[in-house]
Amino acid sequence: MKKLTSAETLVLINHYKNLLAAEGIPTEVRNQHLGSIMGEMPFFETWPQLWVVNDLDYDRAKQLIEAADAESPAESWKCPKCGEENEGQFAACWNCGYAIDD
Ligand SMILES: [Zn+2]
């Protein structure tokens, strides 16, 4: 087991997990239930983490994640409806639910 990456949201971690599963690389998500004890731990350590089950898959898994990141640049955007800043990988506003695809 080797830690691949961590991300602020479980949505993103699950996105990576599905991506790697499609390539036949088994992974495991850790920290996904730690949200409730936020505040009792340093913030960063409570982020969900993605671990690769077989160390031999590590390099390839890392490349796939980097490639996926490059495909969808994480440039933040401002919601035209409520004015909130949103991270680029999200197609809908976290605050009001406005979808930029519409
Ligand atoms: Zn909004």
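Look above for the structure.
Anyway, here's the lowdown on the structure attached to this text. All values derive from a computational prediction rather than experimental measurement.

Conventions adopted
- Residues numbered from 1 in each chain as written.
- Predicted model: local features only at pLDDT ≥ 70, side-chain atom pairs only at ≥ 80, totals over all residues.
- Helix = DSSP H or I, 4+ residues; strand = E, 2+ residues; numbered from the N terminus.
- Buried ≥ 20, exposed ≤ 12 C-beta atoms within 10 Å, placed from the backbone.
- Contact = placed C-beta atoms within 7 Å.
- Expected span 1.5 Å × (residues − 1).
- Arc of directions from axis to C-beta.
- Pairing = 2+ DSSP bridges.
- Axes fitted to C-alpha atoms, helices over the stretch in contact; angles between N-to-C directions.
- Core = buried A, V, L, I, M, F, W, Y, C linked by C-beta atoms within 7 Å.

### Some details on the overall build of the protein
When its secondary structure is counted, the protein shows two helices and five strands. Listing each helix as α and each strand as β along the protein from the N terminus yields β-α-β-β-α-β-β. Among the 102 residues that make up the protein, the fraction classed as buried is 13%. For the protein, the share of sequence-separated contacts (at least 6 apart) that also reach a separation of at least 24 residues comes to 42%.

### Some points on helix H1 (residues 10-22)
What sets the pattern is the α-helix's 3.6 residues per turn: residues three or four places apart point alike. Taking 1.5 Å per residue as the helical rise, H1 with its 13 residues ought to reach 18 Å, and the 18 Å between its terminal C-alpha atoms agrees with that figure. Residues of H1 that are buried: Leu12, Ile13, Tyr16, Lys17 and Leu20. Seen from one end, H1 has its buried residues packed into an arc of 140°, which puts them on one side. Facing away from the buried side of H1 by more than 90 degrees, the exposed set consists of Val11, Asn18, Ala21 and Ala22. Phi turns positive, to about 80°, at Gly24, one or two residues after H1.

### So, the pairing of strand E3 (residues 49-52)
Along a regular strand, successive side chains alternate from one face of the sheet to the other. Of the two faces of E3, the one lined by Leu50 and Val52 is fully buried and the one lined by Gln49 and Trp51 carries no buried residue. Note that strand E1 (residues 2-6) and E3 share four bridges and pair antiparallel. If you follow Lys2 over to E3, its bridge partner there is Val52. Note that strand E2 (residues 27-30) and E3 share four bridges and pair antiparallel. Note on E3: the bridge partner recorded for Val29 is Leu50.

### As for the sheet that holds E3
Taken together, the three strands give an open sheet; going across it, the order is E1-E3-E2, and neighbouring strands pair in antiparallel fashion. The outermost strands of the open sheet, each flanked by one partner alone, are E1 and E2. Sheet twist, expressed as the mean angle between neighbouring strand axes with direction ignored, is 30°. Across the face of the sheet, H1 comes into contact with E1, E2 and E3 while running at roughly 170° to E2.

### Some points on the nonpolar core
One finds Leu4, Leu12, Ile13, Tyr16, Leu20, Leu50, Val52 and Ala61 forming the largest nonpolar core, which totals eight residues. Going through the elements one at a time, H1 and E3 are the ones with two or more residues in this core. Among the elements that line this core, the one with the most residues is H1, at four residues. In contact with Tyr16, not counting residues within four places along its chain, are Thr5, Leu50 and Ile65.

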